Amino acid sequence: MVPLLEVDRLSIYFRDRAAVRDLNFSIQEGEVLGLVGESGSGKSISSLAILRLLDAAARVEGAIRFEGEDLLRLSPREMRRYRGRKIAMIFQEPMTALNPVMPIGRQIAEALETHQPELGRKQVRQAVIEALDAVALPEPESRLRDYPHQFSGGQRQRILIAMALVNRPLLLIADEPTTALDVTVQAQILELLKDLQQRFRLSLLFISHDLAVVAQIAGRVAVMRQGLLLEMGTRDQVFLQPGHPYTQSLL
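These numbers were taken from a predicted model, which means no experiment stands behind them. (Residues numbered from 1 in each chain as written. Predicted model: local features only at pLDDT ≥ 70, side-chain atom pairs only at ≥ 80, totals over all residues. Heavy atoms only, no water.)

With antiparallel pairing, the four strands of this open sheet are ordered in space as E2-E1-E4-E5. Two strands close off the open sheet at either side, each with one partner strand: strand E2 (17-27) and strand E5 (69-70). As paired elements, strand E1 (residues 5-14) and E2 share seven bridges and run antiparallel to each other. Along E2, the bridge assignment pairs valine 7 with phenylalanine 25. On top of the sheet, helix H1 (residues 43-50) reaches E1, E2 and strand E4 (58-66); it is set at about 115° to E1, its chief contact. (Pairing = 2+ DSSP bridges. Helix = DSSP H or I, 4+ residues; strand = E, 2+ residues; numbered from the N terminus. Contact = heavy atoms within 4.5 Å. Axes fitted to C-alpha atoms, helices over the stretch in contact; angles between N-to-C directions.)

The calculated volume of the largest pocket comes to roughly 540 Å³. Taken together, 22 residues line the largest pocket, and the ones lying closest to its centre are Gly84, Met89, Phe91, Ala111 and Met163. Contributing elements (two or more residues each) for the lining of the largest pocket: strand E6 (87-90), helix H4 (104-115) and helix H6 (153-165). At five residues, H4 tops the list of elements feeding residues into the lining of the largest pocket. Of the residues that constitute the lining of the largest pocket, the class distribution is 13 nonpolar, six polar and three charged. Empty space within the second largest pocket amounts to approximately 420 Å³. Lining the second largest pocket are 13 residues, with Gly105, Arg106, Ala109, Arg125 and Leu144 positioned closest to its centre. For the lining of the second largest pocket, the secondary-structure elements that each account for two or more residues are H4 and helix H5 (121-134). Of the residues contributing to the lining of the second largest pocket, the split by class is five nonpolar, two polar and six charged. (1 Å grid on protein atoms, 1.4 Å probe; cavity = no way out; pocket = protein on both sides within 12 Å on 5 of 7 lines; lining within 4 Å. Points joined across faces, edges and corners; volume = space filled by probe spheres on them. Nonpolar A, V, L, I, M, F, W, Y, C, P; charged D, E, K, R; others polar.)

So, about the packing of H4 against H6. One can describe the packing of H4 onto H6 by two numbers: an axis separation of 8 Å at closest approach and a directional angle of 25°. Comparing the axis directions of H4 and H6 gives the class roughly parallel. You can see that H4 and H6 cross each other, and the crossing is right-handed. On H6, the residues touching Ile104, Gln107, Ile108 and Ala111 of H4 are Ile159, Ala162 and Met163. Tallied by class, the residues present in the contact of H4 with H6 amount to six nonpolar, one polar and no charged. (Parallel < 35°, antiparallel > 145°, perpendicular 65-115°, else oblique. Left-handed = near helix turned anticlockwise from the far one by under 90°.)

With that out of the way, let us pick up the sheet that holds strand E7 (residues 171-175). Spatial strand order, E6-E7-E8-E3-E9-E10: six strands in an open sheet with mixed pairing. What marks the edges here is a single partner per strand, and that holds for E6 and strand E10 (228-234). Averaged over all pairs of adjacent strands, the angle between strand axes in this sheet comes to 15°, irrespective of strand direction. Pairing of strand E9 (residues 220-225) with E10, which is carried by six bridges, proceeds in the antiparallel orientation. Bridge pairing in E10 places methionine 224 opposite leucine 229. Packing of H6 onto the sheet brings it into contact with E6 and E7, and relative to E6 it is tilted by some 175°.

Unusually for a residue other than glycine, arginine 15 sits at a positive phi of about 60°. Mapped onto the secondary structure, arginine 15 falls in the loop between E1 and E2. The phi torsion at arginine 168 lies on the positive side, around 55°, for a residue other than glycine. Counting through the fold element by element, arginine 168 comes out in the loop between H6 and E7.

Moving on to the packing of aromatic side chains. On inspection of all chains with the given rule, the structure shows one aromatic pair. When the ring of phenylalanine 66 is compared with that of tyrosine 82, the centres are 5.9 Å apart and the planes differ by 90°; the resulting orientation is edge-to-face. Placement of phenylalanine 66 in strand E4 and of tyrosine 82 in the loop between helix H2 (76-79) and E6 is noted, with a sequence separation of 16 residues between them. Phenylalanine 66 gets classed as buried once you look at its relative accessible area, which sits at 0%. Against the face of tyrosine 13 rests arginine 59, its NZ or CZ located 4.3 Å from the ring centre. (Phe/Tyr/Trp six-rings, centres within 6.5 Å; stacked < 30°, edge-to-face > 60°. Buried < 20%, exposed > 50% of the residue type's maximum accessible area, 1.4 Å probe, protein only. Lys NZ or Arg CZ within 6 Å of the ring centre and 35° of its normal.)

Take it as geometry only, folks, not as evidence of what the structure does.
Here it is, written out as structure tokens:
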């Protein structure tokens, strides 16, 4: 079976310094892969490379194939067909990812209008309400005109998830989506992501430094350190029979 996403010998350089070296992994349709490692291991810049969001200072080598198409070979205009439409991302800190001076309803609507300009205003509004309802934001219709600062941290993260899901992507990249939240809210967001992943048959790349969090959501786990992939296997293989000393130390 051809994977939905295939990262093939991905290397990322800043000047001549390698931040990621020969990274290989794939994600099948409907699969959850957990990418784990300490800060600076190369997890987040690898996810940014998938979406072609690294700046010009980065030199990217290898291939990133999505539905068989090498994303690294696409023009910026062609890449916009994928980014946000077929591949969406939830960023780590919602207060910096959300525009503080724009109502949340308008922000989600903008994501929809960018990729589906044929939709009318009523259709857009209904889709925004449905997206907020899907992430269990209370009374979504009455809160469309509210600003990010009027929501709690957990609610802001739900809004970011709604924004990522509004175009019904095939792959969702979640970059440390629970790090800035307290333990109770963290558990709620994890349960929400699991529910949405199953409901919409999403493929999910879940990035975290916390193995305990990854264990709750991922079917397969990949462990990175200093830009290298050290170990990859099923959740049980990695957690019950870790083969690399670094994985053992993380556990």
